[in-house]
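Now for the letters of each chain:
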Amino acid sequence: MKSLFESKLNIAKDIEPNDVLVNQVLDQIKGLLPSHSHDEFIVRESSSITLATVREGESPCILVINGYLSKEGRDMSDWLSVVDEQYPKNKIIHVRWNAGNVTDIARDDSKMTGDVKDTDTDADKWLAAARLARDMNPVDFAALVGEIVTDKFVGHWKKSFNETLHAGHDLAKAIQDDEQLQGAILMGYSLGAVVAYQALNNLDANKVTACYLLAGAVSAEAEQWTPILEKHTDLRLINCYSDNDDVLKSAYGAGTILDHKPAGLTEIENSNLEQVVNLNVTEFSSGHLNIKNGTVGKALAGTLKP
């Protein structure tokens, strides 16, 4: 008798791959993984980030940072739909970091065993399962692909999480070393919000003017943000959160990868209303993967004047 996964796989085998959908589903899976912690931080000789200009324009420069499994992402149209509502003439730079991708995960075993055939089969399963799961929540998806959600995925999540320390450190250095980047505006999505936080943690005071968090997988607790706000006294912190974010709810509610309540689900705790704006975008966003849209951009446009 065929397993549920095998049956679903046969249905999906003729569907063309959809990289966006693969990223959506694997983003959801992270809510099923064990609790995380940072490895010891050791500064690297080479930078962990690449700054790619999306368009030239006015200052301040907008630095956008994507989340988990976005390593190969080059389409910035979703970011532009948000940014252009408030900063249509500003320079935009995409902060690329080693966030991991589906190919790394699906083919990781080939480095260990050299068994290309088996690895190709695994990769096919990942892609087929992902193509089926547009409307599935993380729990349903786990039931479908549980046999291939293995330790290697946990390892890749942990690697990407720890990579935020290096990306944040190197982004801070890039800003401090380049006068044209000073006064910049940070925008971090999902795990990219952790990169933005780490950059603020490493930066000298008031080198950036504002930081936007969208569906942030970073803690909303006061003890996390109070030292940042006390150092960066001129910083405006704008946090977009949504009650519709099932990915973050799964990650936090199951006590798995997020051991803190993420900013993407709630207001950032802070008594300084001059510095922090918490914006509930539930009515404008259907979920974690849809928060970067023009309607959210319009809502954000009313929080700060360019």
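To be clear, the structure that these remarks concern was listed above.
Residues numbered from 1 in each chain as written. Predicted model: local features only at pLDDT ≥ 70, side-chain atom pairs only at ≥ 80, totals over all residues. Heavy atoms only, no water.

Of regular secondary structure, the protein possesses twelve helices and seven strands. When each of the 306 residues of the protein is scored for burial, the buried share is 50%. Taking contacts inside the protein between residues at least 6 apart in sequence as the whole, the part at least 24 apart equals 83%. (Helix = DSSP H or I, 4+ residues; strand = E, 2+ residues; numbered from the N terminus. Buried < 20%, exposed > 50% of the residue type's maximum accessible area, 1.4 Å probe, protein only. Contact = heavy atoms within 4.5 Å.)

Attention now goes to the environment of G294. Within the secondary structure, G294 sits in helix α12 (residues 294-301). On a C-alpha basis, the gap between G294 and V83 in space is 8.4 Å, while along the polypeptide they are 211 residues apart. With sequence-adjacent residues up to four places away left out, G294 is seen in contact with S81 and E85.

In this section: the side chain of S285. Note that S285 resides in the loop between β7 (276-280) and α12. In this structure S285 comes out as buried when scored by relative accessible area, which is 3%. Ignoring any residue separated from it by four or fewer positions in sequence, one finds S285 in contact with S242, N244, N290, I291, N293 and V296.

On to helix α9 (residues 192-202). Counting buried positions along α9 gives nine out of eleven residues, so the element sits mostly inside the fold. Here α9 has its buried residues at G192, A193, V194, V195, A196, Y197, Q198, A199 and L200.

Now for the pairing of strand β2 (residues 58-65). Across four bridges, the pairing between β2 and strand β3 (residues 90-97) is parallel. Along β3, the bridge assignment pairs L63 with I93. Sheet topology places β2 next to strand β4 (residues 184-189); four bridges connect them, and they run parallel. Bridge pairing in β4 places I62 opposite I185. (Pairing = 2+ DSSP bridges.)

The next thing to look at is the sheet that holds β3. Taking strand neighbours across the sheet as the criterion, the seven strands line up as β1-β3-β2-β4-β5-β6-β7 in an open arrangement whose pairing is mixed. Both edges of this open sheet fall to β1 (49-55) and β7, since each of them pairs with a single strand only. Averaged over all pairs of adjacent strands, the angle between strand axes in this sheet comes to 20°, irrespective of strand direction. Contacts from α9 reach β2, β3, β4 and β5 (208-214), with the element oriented near 145° to β4. Across the sheet, α12 touches β5, β6 (236-241) and β7, and the angle it forms with β6 is around 145°. (Axes fitted to C-alpha atoms, helices over the stretch in contact; angles between N-to-C directions.)

This part is about the pattern of salt bridges. In total, this model carries five salt bridges according to the counting rule given. Among the salt bridges present, the one from D84 reaches R55, with a minimum N-O distance of 2.9 Å. Of this pair, D84 sits in the loop between α3 (77-83) and β3 while R55 sits in strand β1; the two residues are 29 residues apart in sequence, bridging distant segments of the chain. Note on D84: relative accessible area 31%, which makes it partly exposed. Here D78 makes a salt bridge to K292, at a shortest N to O gap of 3.0 Å. With a gap of 214 residues between them, D78 in helix α3 and K292 in the loop between β7 and α12 connect regions that are remote in the sequence. (Salt bridge = Lys/Arg side-chain N within 4 Å of Asp/Glu carboxyl O.)

Moving on: unusual backbone geometry. Omega for the peptide link from S59 to P60 comes to 5°, which places this bond in the cis form. Take P60: it is sitting in strand β2. In this structure, N206 is a non-glycine residue whose phi angle is positive, near 55°. Note on placement: N206 falls in the loop between α9 and β5.

Turning our attention to the packing of aromatic side chains. One pass over the full model with this rule turns up two aromatic pairs. Aromatic side chains Y87 and Y212 sit 6.5 Å apart centroid to centroid with 85° between the ring planes, which places their arrangement in the edge-to-face category. One end of the pair, Y87, is in the loop between α3 and β3; the other, Y212, is in strand β5, and 125 residues separate them in sequence. There is no split in this pair, since Y87 and Y212 are both buried. Centre to centre, the rings of Y197 and W225 are 5.2 Å apart; their planes meet at 80°, and the pair counts as edge-to-face. Residue Y197 is located in helix α9, and its partner W225 is located in helix α10 (residues 222-231); the two are separated by 28 residues in the primary sequence. Grouping residues by exposure puts Y197 and W225 together as buried. Lying across the ring of Y189, K292 places its NZ or CZ 4.4 Å from the centre. (Phe/Tyr/Trp six-rings, centres within 6.5 Å; stacked < 30°, edge-to-face > 60°. Lys NZ or Arg CZ within 6 Å of the ring centre and 35° of its normal.)

Right, let's get into the nonpolar core. In terms of nonpolar packing, the biggest core is built from 40 residues, with L63, L171, L186, L213 and W225 touching the most fellow members. Taken together, the elements giving at least two residues each to this core come down to β2, β3, α8 (151-177), β4, α9, β5 and α10. The element contributing the most residues to this core is α9, with seven residues. The next biggest cluster of nonpolar side chains, apart from the first, holds 23 residues, and it includes M187, A210, C240 and L279. (Core = buried A, V, L, I, M, F, W, Y, C linked by side-chain atoms within 4.5 Å.)

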